[in-house]
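# Fold and geometry: a report
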Amino acid sequence: MMELEGLTKFYGETCALRGVSLTIEDDEYLTLLGPSGSGKSTLLRLIAGLEQPDSGSIRLNGEDIASLPPHRRGLGIVQQNYALFPHMTVFENVAFGLRWREENPVTEEAEITKRVDAMLDLVGLSGFENRGVGQISGGQKQRVSLARTLVTEPRVCLLDEPLGALDANLRERMTLELRRIRDTLGVTFMHVTGNEHEALGMGDRMIVLDGGAAVMIAPPEQVFDRP
Ligand code: ADP
Ligand code: ADP
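Residues numbered from 1 in each chain as written. Chains lettered and ligands numbered in written order. Predicted model: local features only at pLDDT ≥ 70, side-chain atom pairs only at ≥ 80, totals over all residues. Heavy atoms only, no water.

The name given to the protein in an unreviewed UniProt entry is ATP-binding cassette domain-containing protein, with the source organism recorded as Sulfitobacter sediminilitoris.

### Examining the environment of phenylalanine 96
One can find phenylalanine 96 in helix 2 (residues 90-99). Taking the C-alpha atoms as reference, phenylalanine 96 lies 9.5 Å from isoleucine 112; in sequence the two are 16 residues apart. In contact with phenylalanine 96, other than residues within four places in its own chain, are Phe85 and Met88. (Helix = DSSP H or I, 4+ residues; strand = E, 2+ residues; numbered from the N terminus. Contact = heavy atoms within 4.5 Å.)

### Quick word on the site of ligand 1
Taken together, the neighbourhood of ligand 1 is formed by Tyr11, Thr14, Ala16, Pro35, Ser36, Gly37, Ser38, Gly39, Lys40, Ser41, Thr42 and Arg45. One of the backbone N or O atoms of glycine 37 is found 2.7 Å from an oxygen atom in ligand 1. The side chain of lysine 40 places a nitrogen or oxygen atom 2.9 Å from an oxygen atom of ligand 1. Surface burial for ligand 1 is 60%, taken as the share of its 560 Å² of free accessible area covered by protein chains. For the shell around ligand 1, the secondary-structure elements that each account for two or more residues are strand 2 (14-24) and helix 1 (40-48). Sort the elements by how many residues they give to the shell around ligand 1 and helix 1 lands first, with 4 residues. In terms of residue class, the shell around ligand 1 is built from 3 nonpolar, 7 polar and 2 charged. (Near = heavy atom within 4 Å. Polar contact = N/O pair within 3.5 Å; in protein donor to acceptor, adjacent residues only side chain to side chain. Areas by Shrake-Rupley, 256 points an atom, 1.4 Å probe, with all protein chains shown as cover. Nonpolar A, V, L, I, M, F, W, Y, C, P; charged D, E, K, R; others polar.)

### A few points about helix 2
Buried residues dominate helix 2, accounting for 7 of its 10 residues. Three or more residues of helix 2 are buried, namely Val90, Phe91, Asn93, Val94, Ala95, Gly97 and Leu98. Here the buried face of helix 2 lies against helix 3 (109-122) and helix 4 (138-150). (Buried < 20%, exposed > 50% of the residue type's maximum accessible area, 1.4 Å probe, protein only.)

### Observations concerning helix 4
Between the first and last C-alpha of helix 4 there are 18 Å, a value that for 13 residues agrees with the 18 Å anticipated at 1.5 Å per step. In terms of burial, helix 4 is largely enclosed, as 11 of its 13 residues are buried. Packed against the buried residues of helix 4 are strand 6 (75-78), helix 2, helix 3, strand 7 (156-160), helix 5 (168-185) and strand 8 (188-193). (Expected span 1.5 Å × (residues − 1).)

### Considerations on the nonpolar core
Grouped together as the largest cluster of nonpolar side chains are 36 residues, with contacts concentrated most on Val116, Leu146, Leu159 and Phe189. Broken down by secondary-structure element, the contributors of at least two residues to this core are helix 2, helix 3, helix 4, strand 7 and helix 5. When neighbours within four sequence positions are excluded, phenylalanine 189 is seen to be in contact with Glu28, Tyr29, Leu30, Leu150, Cys157, Leu159, Ile181 and Arg182. (Core = buried A, V, L, I, M, F, W, Y, C linked by side-chain atoms within 4.5 Å.)

### Structural notes on the pairing of strand 8
Buried residues dominate strand 8, accounting for 6 of its 6 residues. Here strand 8 shows two buried faces, one formed by Thr188, Met190 and Val192 and the other by Phe189, His191 and Thr193. Where strand 3 (residues 29-33) meets strand 8, 5 bridges bridge the pair, whose relative direction is parallel. Opposite tyrosine 29, over in strand 8, you have phenylalanine 189 as the bridge partner. Where strand 7 and strand 8 come together, 5 bridges link them in parallel fashion. Paired with valine 156 across the two strands is threonine 188, which belongs to strand 8. (Pairing = 2+ DSSP bridges.)

Right, dumping it as structure tokens:
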């Protein structure tokens, strides 16, 4: 369970986040919707530890993680730009996550192969192990990036516009894959999007940010359920 309380962040005079409080259950898939500049990325960066809040707390399973550096928080983040290693194959990009993770890095090659193969299968990339990152499509890069994060078995997986670069057809496929991954692995997901349909279609609950404030937190089916 992750508990955010009163998270506030200023950039100079700009209040990017104004007192956001939220409790997220394990296994929950949360979508974060809001217009550009509403504070979505700021919230993700605070949780990931890439920036510090001016006030408020972040607790994960009762532990205050606000003072921990990013790599000690047990979180995974998939960033918008994929951030893959261009000189490595698909396999090595995913294996990197396992070899170098903070807790229990895996060193035995047979074990690494087993886990990377299973993860590539999960994201639908079996057979692409030996491709260079320059030889796959944008959608495939997005999935390699996801696999590299998920293989580290994060408690919470933060996704910043994970479907943003995809066409409608591919987005539909990735949406199904993400749901299946959630059902298979039981990870808490926080999925940032500027796309209303995506937010409504993906999540158990959605949080709507506007001007740095959480103006709505509700299951998708209740969001437009007005008289
Ligand atoms: P979103 O992800 O919803 O587009 P952001 O979290 O990126 O929103 O931005 C929220 C607000 O904070 C915006 O007004 C933005 O201009 C401002 N902001 C974000 N990052 C910075 C920064 N590094 N320096 C100054 N202002 C920033
Ligand atoms: P996906 O839907 O899996 O992202 P696409 O539909 O974009 O894949 O592409 C279909 C096929 O074309 C894939 O097998 C992929 O390897 C190949 N392909 C697509 N884009 C590129 C690219 N930029 N470079 C090399 N191969 C590509």
